[in-house]
Amino acid sequence: DGARGHRRGAPRRPDRRHGQGLAAHEMTLPTYEVYAIKYAERATSSHGTFIFKDFHDAPMDMDYFVWAISGGGKTYVVDLGFDRRYERGSRHLLRTPAEGLDLLGVNPAEVEDVIVTHMHYDHAGSMPDFPQAKFHIQEDEMAFATGRHLRHKAFRYGNFVEYTVDFVHAVYDDRVIFTNGEGEIAPGITVHRVGGHTHGMQIVRVWTRDGWLVLASDAVHMYANMEQQNPYPAAYNVYEMLEGARTAVKLADGNAAKVIPGHDPLKRERFSAPTGKLDGIVVRLD
């Protein structure tokens, strides 16, 4: 199982048992537990998943997740998902992201920090369910979602204007924290702009008991996008998408198994639920 051990062909990381191979600053970092919470799903196909098409179009499922990072007496949420204001078409909302977090024992009303990887509808909705939170986002992403790029319908496809308006209100309420490039959310949690999927797409690096883990979100939709170097078709910049996947692996100490894609149902096979009650809903990634 690649997610639990060394994958054939992947670079081996330093032995971290008993502190071996750790840099001095890593030894002082808090370790975090990381969870993926499934809140929606839809049926799609391989032609909708890869830029470079095979002759044969095969069915593929897509899961929708938000993530919780817990440690140091605090829980950080990654992405807002979408809520019932958006539900439409083949996208089946199973539970709101807030309801999913509540199942894990996380009260959204008490969350103080939400990292927003990008402003597409399935990552930037449900802001009203987080009334105390501040939202960490790349400055390039906010400019992309509210500026001249959106004159093109191709760039509007992934956005939902009501969610964008929520972010504008949050700026006026001093609840948005902007980053340019790389930033630290807390010791052991950093964000890194990679672009590609959107102009300001960012990924999240987290220190765990098993070393660095990277929540790639939509910088890597599916494991196969990364493994086959065949990106997802919704792209602002294809070159940045390809480079972003490589950056994610580098940030995970060169171990591609520690890069977590944004939408792949295989997460639920490669990782285990923290309790039987949460099977099929939550997996623990660290």
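Residues numbered from 1 in each chain as written. Predicted model: local features only at pLDDT ≥ 70, side-chain atom pairs only at ≥ 80, totals over all residues. Heavy atoms only, no water.

Caption draft 1: Geometry of helix H4 (residues 139-146). All of the buried residues in H4 are Glu141, Met142, Phe144 and Ala145. The buried residues of H4 occupy an angular sector of 160 degrees when projected down its axis, which confines them to one face. Residues of H4 that are buried sit in contact with strand S6 (134-138), helix H5 (153-156), helix H6 (161-172) and strand S7 (176-179). (Buried < 20%, exposed > 50% of the residue type's maximum accessible area, 1.4 Å probe, protein only. Helix = DSSP H or I, 4+ residues; strand = E, 2+ residues; numbered from the N terminus. Arc of directions from axis to C-beta. Contact = heavy atoms within 4.5 Å.)

Caption draft 2: Layout of the pattern of salt bridges. Within this structure, the stated rule accounts for 14 salt bridges. Among the ionic pairs, glutamate 33 bridges to arginine 284, the shortest N-O distance being 3.5 Å. You can see glutamate 33 sitting in strand S1 (residues 33-45) and its partner arginine 284 sitting in strand S13 (residues 282-284), a full 251 residues away along the chain. The salt bridge involving glutamate 99 is made with arginine 84; its shortest N-O contact spans 3.6 Å. Here arginine 84 lies in the loop between strand S3 (74-78) and strand S4 (92-93) and glutamate 99 lies in helix H2 (residues 97-103), a separation of 15 residues in the sequence. What makes arginine 84 exposed here is its relative accessible area of 53%. One salt-bridge network, in which partners are shared between bridges, spans Glu33, Arg209, Arg284 and Asp286. (Salt bridge = Lys/Arg side-chain N within 4 Å of Asp/Glu carboxyl O.)

Caption draft 3: Structural view of the sheet that holds strand S9 (residues 189-193). Pairing is mixed in the open sheet, where 5 strands are placed in the order S8-S9-S10-S11-S12. Strands with a single pairing partner mark the edges of an open sheet, and in this sheet they are strand S8 (182-186) and strand S12 (259-261). Each strand of the sheet is rotated relative to its neighbour by a mean of 25 degrees, with strand direction disregarded. Bridge analysis of S8 against S9 gives 4 bridges, and the strand direction is antiparallel. Bridging across to S9, glutamate 184 finds its partner in threonine 190. (Pairing = 2+ DSSP bridges. Axes fitted to C-alpha atoms, helices over the stretch in contact; angles between N-to-C directions.)

Caption draft 4: Molecular detail of helix H8 (residues 238-251). For H8, spanning 14 residues, the distance from its first C-alpha to its last is 20 Å, which sits close to the expected 20 Å at 1.5 Å a residue. Tucked inside the fold, the buried residues of H8 contact S9, strand S10 (202-208), strand S11 (211-217), helix H7 (223-227) and S12. Capping of H8 at its N-terminal end is provided by asparagine 237; its side-chain oxygen lies 3.1 Å from the backbone amide nitrogen of tyrosine 239. One or two residues past the end of H8 sits aspartate 253, with phi positive at roughly 60 degrees. (Expected span 1.5 Å × (residues − 1). Polar contact = N/O pair within 3.5 Å; in protein donor to acceptor, adjacent residues only side chain to side chain.)

Caption draft 5: A look at the packing of H4 against H6. Axis separation between H4 and H6 bottoms out at 11 Å; the angle between their running directions is 125 degrees. Regarding the angle of H4 to H6, the classification is oblique. Helix-helix and strand crossings are classified by hand; for H4 and H6 the assignment is left-handed. Facing Met142, Ala145 and Thr146 of H4, the residues of H6 in contact are Thr164, Phe167, Val168 and Val171. (Parallel < 35°, antiparallel > 145°, perpendicular 65-115°, else oblique. Left-handed = near helix turned anticlockwise from the far one by under 90°.)

Caption draft 6: Region of the structure containing the confidence of the model for the protein chain. Mean pLDDT over the protein chain works out to 90, with 92% of the residues at or above the 70 mark. pLDDT under 50 marks residues 1-15. Its contacts with residues more than four places away, or in other chains, come to 25 contacts. (pLDDT = per-residue confidence, 0-100.)

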